[in-house]
Amino acid sequence: MDALEKRLAGELKKLELAGNMRELKTLSPHGKYVKHNGREYLNLSSNDYLGLASQTEYSAGLQKEFLRSLADREDEFLMSSPASRLMTGNSTHYEQLEEAVSRLFGGREALVLSSGFMANAGTLPALTGKEDLILADRLIHASLIDGLRLGSAEWKRFRHNDMEHLQKLLEQARNRRMVWVVTESIFSMDGDTAPLTELMELKARYGFRLYLDEAHAFGVRGPDGRGLAAELGAEEGCDIRMATLGKAMASAGSFVLCSGPVKRCLVNRMRTLIFSTALPPVNLMWSEFLIRRLPGMGALRAHLREMTALLARELGIEAHSQIIPLPAGSNVRALTLARRGRENGYWLTPIRHPTVPEGTARIRLSLTAALTRADILGFARSWKQSG
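In short, a report on the structure. Since this is a predicted model, take the numbers as computed values, not measurements.

Attention shifts here to the layout of surface pockets. Here the largest pocket defines a volume of roughly 1000 Å³. If you trace the largest pocket, you find 40 residues lining it, with Arg22, Thr349, Pro350, Ile351 and Arg352 closest to the centre. Only helix 5 (116-127), strand 10 (240-244), helix 14 (331-343) and strand 15 (350-351) provide two or more residues apiece to the lining of the largest pocket. Considering each element in turn, the lining of the largest pocket owes the most residues, five residues, to helix 14. Partitioned by chemical class, the residues of the lining of the largest pocket number 13 nonpolar, 17 polar and 10 charged. Estimates place the volume of the second largest pocket at around 380 Å³. In terms of lining residues, the second largest pocket is bounded by 18 residues, among which Leu139, Ile140, Met189, Thr355 and Val356 are the most central. Grouping the constituent residues of the lining of the second largest pocket by class yields nine nonpolar, five polar and four charged.

Written out as structure tokens, the structure is:
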């Protein structure tokens, strides 16, 4: 064992003793279930919020319709785009998808990227400089934090959803060239929502720019699934909105909503776009296919809300979204609860430090529209008995 391997072995041992060792588990999806080592589990850890990847009767019908549309395109290579968008990867499929997203959002420009991580890590570094200040909610996603670290702008964090703390920081920043506020509409670990109405009031007073990550709200909230900003009438106050195509849309990639000049700047300065291979045409086509049908998926959104409310009532808790954290406290207890859940046939994922602050480990439930009333009631009984 060389010096590096010896050091890494010691670090891995520390992770193991802290109940913080992670490993990749090979899973086989089967509709709303997953299989692992020959056993089937109800999947309660998926971001497939509308159930479009769960092979329900509705989603299976969509997939068949899409595959039929490819039958006359056998001469096209749809499996890869082996170049960046600025080289030869910017196919008409990108343009058609961006046009569909733009139409859904009332004409705002859309820029499609290969993942939500790339969008969050690359947008603000491309738009901000040393004279700017970024104020970010303490619980923003790791991809946004990496973006702050990559950029040259100064950045500070305000206490989670604390508008009084944010206002104090804004008061101190009146002489800055430009101030950005960064937050999520639905937070990925706690499932709670940003106070967008209060943010709009502060924006009117202080004139900052707002970056809103709608990864967990797009598709499931607001009119036509446009997200929480649309639900609360705050769309016009968002200078940048990011959403993913790999969660509720059951595809791959992400998009940034912005103005025309901002889009042109991103194309020229956004390193995660410029130096990244383009998405395969088949993914772009599938995303466009679903985006154009998203307004008609209101019944799925309504069912997801019903299942969320049902589980909250059964467990006697409050649920702000389809993401429901069940507190565990320590890493070890989170692992124990996940193990008990799997013993009872439910695929649960323990979320531990450092993903969340120490002492706040939890089981993170992600509900989907593929779940039925019987699924929810069965899990609630199981949890109350074993938790």
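A few words now on the environment of Arg333. Structurally, Arg333 can be placed in helix 14. When the C-alpha atoms of Arg333 and Pro281 are compared, they prove to be 44 Å apart, with 52 residues separating the residues in sequence.

Take the sheet that holds strand 14 (residues 346-347) next. What the four strands build is an open sheet, ordered 1-2-3-14; its pairing is mixed. What marks the edges here is a single partner per strand, and that holds for strand 1 (28-30) and strand 14. Note: strand 1 against strand 2 (residues 33-36), three bridges, orientation antiparallel. Bridge pairing in strand 2 links His30 to Tyr33.

With the rule as written, the count across this model stands at two cavities of 30 Å³ or more. The volume enclosed by the largest cavity comes to roughly 60 Å³. Forming the walls of the largest cavity are Arg85, Tyr94, Val112, Leu113, Ser114, Met118, Thr272, Leu273, Ser276, Thr277 and Ala278. If you list the elements that add at least two residues to the lining of the largest cavity, you get strand 5 (109-113), helix 11 (271-274) and strand 12 (277-278). In terms of residue class, the lining of the largest cavity is made up of six nonpolar, four polar and one charged. Reported here for the second largest cavity is a volume of approximately 30 Å³. If you trace the second largest cavity, you find it lined by Phe105, Glu214, Phe218, Arg226, Arg241, Met242, Ala243, Phe255 and Leu257. Residue assignment for the lining of the second largest cavity shows that the elements contributing at least two residues are strand 10 and strand 11 (254-258). Broken down by element, the residue count for the lining of the second largest cavity peaks at three residues, all from strand 10. Residues of the lining of the second largest cavity, tallied by class, amount to six nonpolar, no polar and three charged.

Let's shift gears to the sheet that holds strand 10. The seven strands are arranged 5-11-10-9-8-6-7 in an open sheet whose pairing can be described as mixed. Pairing within the sheet leaves two strands with one partner each, and these edge strands are strand 5 and strand 7 (154-158). The mean angle between the axes of side-by-side strands here comes to 20°, regardless of whether they run parallel or antiparallel. Where strand 8 (residues 179-184) lies against strand 9 (residues 209-213), five bridges are found, and the strand directions are parallel. Considered in strand 9, the bridge of Val182 is made with Tyr211. Against the sheet, helix 6 (residues 142-150) makes contact with strand 6 (133-137), strand 7, strand 8 and strand 9, and its axis sits at roughly 150° relative to strand 7, the strand it touches most. Across the sheet, helix 8 (residues 196-206) is in contact with strand 8 and strand 9; its angle to strand 9 comes to roughly 160°.

Right, let's talk about helix 14 for a bit. Over its 13 residues, helix 14 runs 19 Å from end to end, which matches the ideal 18 Å to within 8%, given 1.5 Å per residue. Taken together, the buried positions of helix 14 are Asn331, Ala334, Thr336, Leu337, Ala338, Gly341 and Arg342. Here the buried face of helix 14 lies against strand 3 (39-43), strand 13 (323-329), strand 14, strand 15, strand 16 (361-366) and helix 15 (373-386). Following helix 14 by one or two positions, Gly345 has its phi on the positive side, about 95°.

Below, the discussion takes up the pairing of strand 10. The buried fraction of strand 10 amounts to five of the five residues, a majority that puts the element mostly inside the structure. Burial of strand 10 is two-sided: the residues Ile240, Met242 and Thr244 facing one way and the residues Arg241 and Ala243 facing the other way are all buried. Two strands pair when backbone bridges link them, and strand 9 and strand 10 are joined in this way by three bridges, in the parallel orientation. Residue pairing for strand 10: Leu212 is matched across the bridge by Arg241. When strand 10 meets strand 11, the two strands line up antiparallel, connected through four bridges. Bridge pairing in strand 11 links Arg241 to Leu257.

Reading guide: rules and limits
Residues numbered from 1 in each chain as written. Predicted model: local features only at pLDDT ≥ 70, side-chain atom pairs only at ≥ 80, totals over all residues. Heavy atoms only, no water. 1 Å grid on protein atoms, 1.4 Å probe; cavity = no way out; pocket = protein on both sides within 12 Å on 5 of 7 lines; lining within 4 Å. Points joined across faces, edges and corners; volume = space filled by probe spheres on them. Helix = DSSP H or I, 4+ residues; strand = E, 2+ residues; numbered from the N terminus. Nonpolar A, V, L, I, M, F, W, Y, C, P; charged D, E, K, R; others polar. Pairing = 2+ DSSP bridges. Axes fitted to C-alpha atoms, helices over the stretch in contact; angles between N-to-C directions. Contact = heavy atoms within 4.5 Å. Expected span 1.5 Å × (residues − 1). Buried < 20%, exposed > 50% of the residue type's maximum accessible area, 1.4 Å probe, protein only.

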